[in-house]
Amino acid sequence: MAGYLLVLAVVGFAVYIVSAPLRSARARRRTAPDGLLESVAELEAARDAKYLEITDAELDLRTGKLSPDDHRSLDRALRAEAIEILHRLDAARARAAADER
Amino acid sequence: MATAGRLLLILALIGAVYGLCASLYGARSGAREWVDSGRRAMYSVALIAVVAFVILDVAFITSDFSYDIVASGSSTTTPLAYRAAAVWSTQQGSLLLWVMLMSLWASLALFVTRRRVREIVPYAQATMFAFTIFFAGLCVLFANPFATNDAHLTEGAGLDPLLRHVTMLMHPPMVYSGYTLLLVPFSFGVGALLANRVGAEWLQVTRRFALAAWLCLGIGIMLGARWSYTELGWGGYWAWDPVENAALMPWLCATAFIHSMMIQEKRGMLKVWNASLVLATGCLAIVGTFLVRSGILSSIHAFVSDPTLNVSFVSLISVMVIGSIALVVFRRDSLRTEARLDSLLSREAVFLFQNLVLVALAAVIFWITFFPLISEAITGTEVSVGPPAFRPFVVPLALIVVLLSGIGPIIAWRRVTAARLRRNFAFPVAVGTTTLVVLAVATDATAHLLAWVMFGCAAFAIATVGQELARGTRARAAMTGAAAPVALLGLVRRNRRRYGGYIVHLGFALAMIGVAASTSFQHQRYAFLRPGQSAQVDGYTVRYVRPTVSATAQRLSFGAVLDVTRGGRHVTTMQTSYGLYPAQDPMHPIGRFFNGSQESEVALDSGPLRDIWAVIHPNVTPLQGLIARGDQLVSRLLLQVSSLPASQQPAELNLAYALRDQLIRVLAQRFVTHPWASQFLFEVSPLVMWLWVGAIVAALGGLIALPPLRPVRRRAGAARRLASAVDAQDLAAGGKAPQPAGLVSPERELV
């Protein structure tokens, strides 16, 4: 009997949480299509990776793997790439915001 | 509760099927609520699997022999910890463990990514459900862990004595965690390809799971090696056994993937390579799971072979391989790289070369491991391969990996000048060269050329890590004014990924020193000794002081106390024994102890410079006559008792068993009172301790590297500098460019 009660309890809990998104009666805020959100997310990921590259380059300079001249040219290139990503990110966010409206 | 357990398994299977369908429907229709429902179905499946596993484990702990696998895999005399762990010593229990771990890790991955990579997650979710359905289906249809019997047994067959070792408590869960965690990046790789979102984001969200998989699988492999070294009685830690290789191959590919994903994250390169690598790694994880329970290759690790499982696994592996190839080919246009390699003198180039070597290593091991099957299929002739087949290929490739693990950290990304290279390489090359020269002059290391070169490469790699830590600490101390230890801690804490990786390299180099020394310079000696006699091995004198014996109803043990001296000076006293466990053999009440399971208790004296290892293989032939007479006597007595009235039998049976146990003790005591020569294996292995130390250091490095990258808002320094660069560019262009309406400026957004 205890076993069957346990199974019933687990099943009941599982059905409750699995069906929750389907039962939700709240008016969902209209969000931008996943495709647009995905573009924003991809650009955010690219931005984060670029920041990491900039930080890594600075660490490479401080630990002697890069000369000041090498670091300067690399840093300039990385920042230019980062700015490009930021502009694309701004544009993607604008498109997503416009689509929500 | 067995019925409840079986019902829960069926419910887990149904829940996984629902989750798969909901995920795919949500992916195709864009209805997010179905994807969310599918995610919650995975949480539910995980909960159900945990409850089912707990029910089964409680059955083992309470010795409920109404469960078939408890009766066959445990006993009332098995210690509690091993009773709890015995569940994964069985085919059925290990499959349930697989289902539980798969659903738990999948739940964690889906929870962490619930608001990210929204186009990828539904397909990744569906893939993880597919694996859950497969393994839950095996449990429901072919390998029911909750099968019961009506035999009313009061005792079980017991746990295989070889598995009564502390490392066995964690080895299978660690290896299975590694395999199941590898399926997370596999699933997200499939999802990225299906959704045609093959940028770096899917790598970012799965990186920590790939690293966790690498860590768990590596720990599992090392626990298995430790078990082999201290339990199996052959004196080694790696036998190139097919199941060992099956765990090593995905670990090597995961190592390559962890490095190559960095290149895609930073440079957008190697998309095809990363996609192929992560899919291949997932396939190898399933191959490893298949090998341990298929019996297609002879292995000490294998469960009893089940042909129905073999067909299922081969089908799954075929679908995975064909599907992976098809996906990569289908998405080849999207997987085109965005950038080119700037220079061969760059960290990208080193990582790429290292990837090729690691994958080549995995491929070589795969080919040699499966060669017996391939040969038999083609020629009809069965061949066997052993360790000598692997060494000519594995050792040179391992040398290159160690060398590259030292080169990678001291080369910058994108490109580095020759002058800068000379400056960065000077110290490590000096250390490596000095090591080679000193070893060549002061030792006989050059007698084993590859080992000698390995020592030099490892010293180079260790020096590299030391140099990086020292320079980074100096730089941070200069920036912050902190003392060196504080600066070092701060350096590692703020750059966990980089310096965690360096510590892993350090651990790997230490481990390879241990491997090279202990395999190439090991001294081994077989000897037949009576008490008082001695044997020489590598300058040590090992004297057989006295025999030992222990006899209980569950175990018979013959052992020896050994005294080790060197140059007349006492080094250590050790004890080794050989355990005999009775078989289920009512025809031979005494003899069953001598034809059942056996295991060795190794004598081990470990030190930083050498291990002294000894094991006894007692010869029981002198006892055979007495065993046979004892069997006749006890069997006759039991026959007489069986002819007595039923009311008298219990008391007489107890007397008969007491006599049997007394006879066993008397028999065993003859090993002490009338000792004869026993065979010993002695080994002196230099530096083997550094294998274990290196593994611990590498695991520590993996743990340091494991936490996620810092969130954006903490990178204010980089953000402000970047914003000022934007302003400078705008000023150079003749004033501030007008911001488009609705846009947030980079500075405000980043800070």
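Calculation rules
Residues numbered from 1 in each chain as written. Chains lettered and ligands numbered in written order. Predicted model: local features only at pLDDT ≥ 70, side-chain atom pairs only at ≥ 80, totals over all residues. Heavy atoms only, no water. Helix = DSSP H or I, 4+ residues; strand = E, 2+ residues; numbered from the N terminus. Buried < 20%, exposed > 50% of the residue type's maximum accessible area, 1.4 Å probe, protein only. Contact = heavy atoms within 4.5 Å. Areas by Shrake-Rupley, 256 points an atom, 1.4 Å probe, with all protein chains shown as cover. Pairing = 2+ DSSP bridges. Axes fitted to C-alpha atoms, helices over the stretch in contact; angles between N-to-C directions. Patch = residues over 30% accessible without salt bridge, like charges linked within 9 Å, V, L, I, M, F, W, Y side chains within 5 Å. Salt bridge = Lys/Arg side-chain N within 4 Å of Asp/Glu carboxyl O. Expected span 1.5 Å × (residues − 1). 1 Å grid on protein atoms, 1.4 Å probe; cavity = no way out; pocket = protein on both sides within 12 Å on 5 of 7 lines; lining within 4 Å. Points joined across faces, edges and corners; volume = space filled by probe spheres on them. Nonpolar A, V, L, I, M, F, W, Y, C, P; charged D, E, K, R; others polar. Phe/Tyr/Trp six-rings, centres within 6.5 Å; stacked < 30°, edge-to-face > 60°. Lys NZ or Arg CZ within 6 Å of the ring centre and 35° of its normal. Buried area = accessible area lost by both parts, 1.4 Å probe. pLDDT = per-residue confidence, 0-100.

## A word on the overall build of chain A
The number of helices and strands found in chain A is 3 helices and 0 strands. Going from the N terminus to the C terminus, chain A shows its helices and strands as α-α-α. Out of the 101 residues belonging to chain A, those deemed buried represent 45%. In chain A, the proportion of contacts linking residues at least 24 apart, taken out of those at least 6 apart, comes to 73%. When the accessible surface of chain A is split by element, carbon and sulfur atoms take 60% of a total near 5,200 Å².

## Description of the sheet that holds strand E4 (residues 556-566) of chain B
Residue and element names in this part refer to chain B. Across the sheet, 5 strands lie side by side as E2-E3-E4-E5-E6; this open sheet has antiparallel pairing. Among the strands making up the open sheet, the edge pair consists of strand E2 (534-537) and strand E6 (598-601). Adjacent strand axes in the sheet meet at a mean angle of 25° when their direction is disregarded. Of the pairings in the sheet, the one linking strand E3 (residues 540-551) to E4 comprises 10 bridges and is antiparallel in character.

## Description of the sheet that holds strand E1 (residues 523-529) of chain B
Residues and elements named next belong to chain B. What the 4 strands build is an open sheet, ordered E1-E9-E8-E7; its pairing is antiparallel. Either end of the sheet is taken by a strand with one partner, and the two such strands are E1 and strand E7 (603-606). Here the strands of the sheet are splayed against their neighbours by 15° on average, with no regard to which way each runs.

## Comments concerning a nonpolar patch on the surface
Among the surface-exposed residues, Tyr4 of chain A together with Leu7, Ile10 and Ile14 of chain B lie close enough to one another that they form a single nonpolar patch of about 340 Å² accessible area. Top element by residues in the nonpolar patch is helix H1 (residues 2-29) of chain B. It accounts for 3 residues.

## With respect to helix H11 (residues 307-330) of chain B
Residues and elements named next belong to chain B. Taking 1.5 Å of rise per residue, the 24 residues of H11 would be expected to cover 34 Å, and the 34 Å separating its terminal C-alpha atoms lies within 8% of that figure. Three or more residues of H11 are buried, namely Leu309, Asn310, Ser312, Phe313, Leu316, Ile317, Met320, Ser324, Leu327 and Val328. Where H11 is buried, its residues touch helix H5 (91-112), helix H6 (121-141), helix H7 (171-195) and helix H10 (271-294).

## Observations regarding empty space enclosed by the protein
Summed over the entire model, instances satisfying the criterion amount to 4 cavities of 30 Å³ or more. In this structure, the largest cavity encloses a volume near 50 Å³. As for the largest cavity, its lining consists of Glu53, Asp56, Ala57, Asp60, Leu74 and Leu78 of chain A together with Lys266, Trp413 and Arg414 of chain B. Those elements that place two or more of their residues in the lining of the largest cavity are helix H2 (34-62) and helix H3 (68-100) of chain A. The element contributing the most residues to the lining of the largest cavity is H2 of chain A, with 4 residues. Partitioned by chemical class, the residues of the lining of the largest cavity number 4 nonpolar, no polar and 5 charged.

## What to know about the packing of aromatic side chains
All names here are of chain B. Taken as a whole, this structure holds 26 aromatic pairs over all chains when the rule is applied. Here the aromatic rings of Phe134 and Phe135 are separated by 5.1 Å at their centres, their planes lie at 85°, and the arrangement is edge-to-face. Grouping residues by exposure puts Phe134 and Phe135 together as buried. One cation-aromatic arrangement involves Arg114 over Phe111; the distance from NZ or CZ to the ring centre is 3.9 Å. The residue whose ring lies beneath Arg226 is Trp692, and the NZ or CZ to ring-centre distance is 5.1 Å.

## Let's talk about the interface of chain A and chain B
Facing the 54 residues of chain A at the interface are 68 residues of chain B. For the pair chain A and chain B, the summed buried area comes to about 5,200 Å², and 61% of that belongs to carbon and sulfur atoms. For the pair chain A and chain B, the number of links is 4 salt bridges. Across the pair Asp56 of chain A and Arg498 of chain B runs a salt bridge whose closest N-O atoms are separated by 3.5 Å. If you list the elements that add at least two residues to the side of chain A that touches chain B, you get helix H1 (2-23), H2 and H3 of chain A. The greatest single-element share of the side of chain A that touches chain B, amounting to 21 residues, is contributed by H2 of chain A. Among the residues forming the side of chain A that touches chain B, the class breakdown is 29 nonpolar, 7 polar and 18 charged.

## Details of the layout of surface pockets
Residues and elements named next belong to chain B. Within this model, the second largest pocket holds a volume of roughly 980 Å³. Lining the second largest pocket are 35 residues, with Gly156, Ala157, Pro582, Gln584 and Arg592 sitting closest to its centre. Every element with two or more residues in the lining of the second largest pocket is listed here: helix H3 (68-73), E6, helix H18 (624-642) and helix H19 (649-673). A breakdown of the residues in the lining of the second largest pocket according to their chemical character gives 13 nonpolar, 13 polar and 9 charged.

## Overview of the pattern of salt bridges
Evaluation of the coordinates by the stated rule reveals 22 salt bridges over all chains. The salt bridge involving Glu468 of chain B is made with Lys65 of chain A; its shortest N-O contact spans 2.3 Å. In this pair, Glu468 of chain B sits in helix H15 (residues 449-480) while Lys65 of chain A sits in the loop between H2 and H3, so the two residues belong to two different chains. Across the pair, exposure class does not vary: Glu468 of chain B and Lys65 of chain A are buried alike. Because the salt bridges share partners, they merge into one network encompassing Asp56, Asp60 and Lys65 of chain A together with Lys266, Glu468 and Arg498 of chain B.

## Some words on the confidence of the model for chain B
Detailed reading of predicted coordinates is not advised where the pLDDT is low. Residue and element names in this part refer to chain B. Residues at a pLDDT of 70 or more form 92% of chain B, whose mean pLDDT is 87. Per-element confidence in chain B is highest for helix H20 (residues 689-705), whose mean pLDDT is 96, and lowest for helix H22 (residues 746-750), whose mean pLDDT is 32. Contacts of residues 709-720 to residues separated by more than four positions or lying in other chains number 16 contacts, the stretch itself having pLDDT below 50. Predicted confidence for residues 723-751 stays below pLDDT 50, and this span has 26 contacts to residues more than four positions away or in other chains.

## Side note on the side chain of Thr113 of chain B
Residue and element names in this part refer to chain B. Structurally, Thr113 is set in the loop between H5 and H6. According to the relative accessible area criterion, Thr113 is buried, its value standing at 2%. Apart from the residues lying within four places of it in its own chain, the contact partners of Thr113 are Val121, Phe188 and Val205.

## Observations regarding the pairing of strand E5 (residues 569-580) of chain B
Residue and element names in this part refer to chain B. Summarising the sheet, E4 and E5 pair through 11 bridges and their orientation is antiparallel. Considered in E5, the bridge of Val561 is made with Gln575. Counted along the chain from E4 to the antiparallel partner E5, the turn is 2 residues long, and its residue Gly567 has a positive phi close to 60°. Direction of pairing for E5 relative to E6: antiparallel, over a ladder of 4 bridges. Note on E6: the bridge partner recorded for Ser577 is Glu601.

## Some words on the side chain of Ser557 of chain B
Residue and element names in this part refer to chain B. Residue placement: Ser557 occurs in strand E4. Exposure remark for Ser557: the relative accessible area of 6% places this residue in the buried category. Once residues within four sequence positions are removed from consideration, Ser557 is found in contact with Thr548, Val549, Ser550, Ser577, Tyr578 and Gly579.

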